[in-house]
Amino acid sequence: MRERLGFLLKHCSNLKHVETAHGFMVRTALHHDKLLLSQFIETCSSLGFSAYAHSVFSVNSQSHPHIYVFNTMIKGMTLCNSAFEALLVYKSIGRVGLRPDCYSFPFALKAVVDLRAMSLGTQIHSQAICAGLESNVHVVSALIQMYSSCARISDARKVFDEMPLASVCSDNVVVWMAMIAGYVKLGDPDTAMDLLSRMPRTQTDGAVLITWTSVIAGYAQMDRPDEAIAVFLKMQLENVVPDEIAMLAVLSACAQLGAFHIRLGECIHGYVKKRGFDQMVTLKNALIEMYSNSGNISNALHVFENMTRRTVISWTTIISALAFHGLGTQALELFSRMEMAQVKPNDITFIAVLSACAHVGLVDLGRYYFHAMKYRYEIQHEIQHYGCMIDLLGRAGYLAEALKLVSEMPFQPNAAIWGSLLAASNIHGDAELGELALLHLVQLEPWNSGNYALLSNIYASAGRWDKSVMARKMMRDKGVRKMPGWSFIQVSTRTHEFIAGDTSHPQFDRIHGTLFTLNEQIKTAHYDPINEFDNHDSDIGPASISYCSSF
């Protein structure tokens, strides 16, 4: 009968099945069996019937208490997002004459994390010490996770450092993993990497891979893609074989760097095919983003078209990529294909669609999609959607309508929206709108020199030189410094960066010699680039050269 009940519990899928199993347990007196009762509680919790599980637990926990059953109940409550109830069960352990064991504390500490109940967490820590479990790897790793999740990384490190033999015992790799993950979670991948380099080597390849991957992801999330890629390459030297999660993390870093690491991205693409991961949707989405950010939109499209299964993220990523590269018509065609494929767009999809409309200048279509979001797709407008629509109207010259939309927004306009209006006023020579936009931008981002320069150009184009000079004076009076222009170009395998006014490049003299020759040839063609650029406050120098392929 035990085997029959166990089989029945494994195949429960609804409340009626659970009630049938419970009735069978009571009739056969199997509800007193700690293993079967625990299995019943676990089944109820996994199906979302935590209240039913707790009622059965309450009836049996008084007459036949066992710590195994209590632990299962605490775990089940945390899985059902009932952290408070889980801690009540934990507190009741002592009342029935039991003592928490090495499984009770980790489950209870997980509930503490869910509630962010730091004071209760420290009490449970003290109880673990009193129980003599302060050196148990499961308890220690749970304590580290609890302190890290509550942003108490120094306390987590203290627990780690006090772990006996923590620096030499490879059996404690779970503790090292928890500590490294804690540093990553709190945005300190450098310390995480330092610990990783000193972590004891273990035969648990999966644990080692997870730890390396978390550090790579940590650097990528902190917008430090160079370090993320360096860790990935070091992982290869350590003979740690990456899985699809590790490749996803490093592809994210490659996407941030764009063309700088396109070759590494291509190598990872080849590795994905070799390992048979080439039909994993998440990896394909990451490849689309990586190729798009590196400027290789044809490869991004090739990856997309060869996907056997596409999610809304897949469609949104490629539509965004096309819109970003100014291919608005193709982006809108893909959106039509997405609708025909009956894939429901999300709010991010419409940011891409509205951006595509702006690039192509399809104002009416943009208006349609903006209104259809709410009434057809039931997607609420966010400030990003208003920003896209204002940008679309501004580019097309509908400045009054754009300004009206700003006034009707349920959000306070941000710098991006006023920046769009400032740019539109520059395109269409509307000095009054430019002045209004700048007044708001000065409050939102007073350090941005580009805003003052753009307004000065608007006034200069309108022949209002006094106002143009005033805009420059306002910039100087506020102590705003103009950021130097910069550019880069890749020659063979090296990337060269040029900053206006910088003379540190090893071939500076040769570059300037070439620039002088080009300027002389341009003057011969009766065109003076110096005066032309001076009128618009642009920088002439190495930053303006993209003719380095011959060097």
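Per an unreviewed UniProt entry, the protein carries the name PROP1-like PPR domain-containing protein and comes from Gossypium arboreum.

Another aspect to go through is a nonpolar patch on the surface. Among the surface-exposed residues, F84, L88 and L115 lie close enough to one another that they form a single nonpolar patch of about 290 Å² accessible area. Tracing the backbone through its elements, the reader meets F84 in helix α6 (residues 83-91).

The subject of this paragraph is the environment of T72. Positionally, T72 belongs in helix α5 (residues 67-79). Accessibility expressed as a relative area gives 12% for T72, which makes it buried.

Mapped onto the elements of the fold, S425 is located in helix α25 (residues 415-428). A relative accessible area of 0% places S425 in the buried class. With residues up to four places along the chain from it excluded, the contact list for S425 reads D430, L433, G434 and I458.

This part takes up the packing of aromatic side chains. Scanning the model with the defined rule gives 12 aromatic pairs in all. Geometrically, the ring pair formed by F370 and Y386 is edge-to-face, given 5.3 Å between the ring centres and 75° between the ring planes. With F370 in helix α22 (residues 363-375) and Y386 in helix α23 (residues 383-396), this residue pair connects regions lying 16 residues apart in the sequence. Grouping aromatic residues by their ring pairs yields a cluster made of F335, F350, Y368, Y369 and Y377. Above the face of the F304 ring, R310 is positioned so that its terminal group lies 4.3 Å from the ring centre. Geometry around Y398 places R367 over its ring, the cationic atom sitting 5.1 Å from the centre.

By size, the foremost hydrophobic cluster in this structure holds 154 residues, and its most contacted members are I144, V215, I268 and I319. With 9 residues, helix α15 (residues 244-257) is the largest single contributor of residues to this core. When neighbours within four sequence positions are excluded, V215 is seen to be in contact with I180, V184, P189, A192, M193, L196 and V231.

Turning to the UniProt feature "repeat: PPR" (unreviewed entry) in the protein, a few remarks are in order. In this structure's numbering, the residues bearing the UniProt feature "repeat: PPR" (unreviewed entry) are residues 172-202, 208-242 and 311-345. Secondary structure across residues 208-242 divides into 77% helix and 0% strand, with the first and last C-alpha atoms of the span separated by 10 Å. Counting secondary structure, residues 311-345 comes out at 74% helix and 0% strand; the distance between its end C-alpha atoms is 10 Å.

Looking now at the packing of helix α2 (residues 15-27) against helix α3 (residues 34-46). Between α2 and α3, the shortest axis-to-axis distance is 11 Å and the interhelical angle comes to 165°. Relative to α3, the element α2 lies roughly antiparallel. Viewed along their axes, α2 and α3 form a crossing whose handedness is left-handed. Residues V18, H22 and M25 of α2 lie in contact with α3, whose contacting residues are L36, L37, F40 and C44. Grouping the constituent residues of the contact of α2 with α3 by class yields 6 nonpolar, 1 polar and no charged.

This part covers helix α18 (residues 297-305). Every buried residue belonging to α18 is among I297, A300, V303 and F304, and all of these are buried. In a view along the axis of α18, the buried residues occupy a sector of 120°, so they form one face of it. Residues of α18 that are buried sit in contact with α16 (262-274), α17 (281-293), α19 (312-324) and α20 (328-340).

Another point: α15. Between its first and last C-alpha atoms α15 spans 20 Å; for 14 residues at 1.5 Å apiece the expected length is 20 Å, and the two agree. Capping the start of α15, D243 holds a side-chain oxygen 3.2 Å from the backbone nitrogen of I245, two or three residues further along.

Each value, and the rule that gives it
- Residues numbered from 1 in each chain as written.
- Predicted model: local features only at pLDDT ≥ 70, side-chain atom pairs only at ≥ 80, totals over all residues.
- Heavy atoms only, no water.
- Patch = residues over 30% accessible without salt bridge, like charges linked within 9 Å, V, L, I, M, F, W, Y side chains within 5 Å.
- Areas by Shrake-Rupley, 256 points an atom, 1.4 Å probe, with all protein chains shown as cover.
- Salt bridge = Lys/Arg side-chain N within 4 Å of Asp/Glu carboxyl O.
- Helix = DSSP H or I, 4+ residues; strand = E, 2+ residues; numbered from the N terminus.
- Buried < 20%, exposed > 50% of the residue type's maximum accessible area, 1.4 Å probe, protein only.
- Contact = heavy atoms within 4.5 Å.
- Phe/Tyr/Trp six-rings, centres within 6.5 Å; stacked < 30°, edge-to-face > 60°.
- Lys NZ or Arg CZ within 6 Å of the ring centre and 35° of its normal.
- Core = buried A, V, L, I, M, F, W, Y, C linked by side-chain atoms within 4.5 Å.
- UniProt positions renumbered as here; feature names shortened; annotations may be inferred.
- Axes fitted to C-alpha atoms, helices over the stretch in contact; angles between N-to-C directions.
- Parallel < 35°, antiparallel > 145°, perpendicular 65-115°, else oblique.
- Left-handed = near helix turned anticlockwise from the far one by under 90°.
- Nonpolar A, V, L, I, M, F, W, Y, C, P; charged D, E, K, R; others polar.
- Arc of directions from axis to C-beta.
- Expected span 1.5 Å × (residues − 1).
- Polar contact = N/O pair within 3.5 Å; in protein donor to acceptor, adjacent residues only side chain to side chain.

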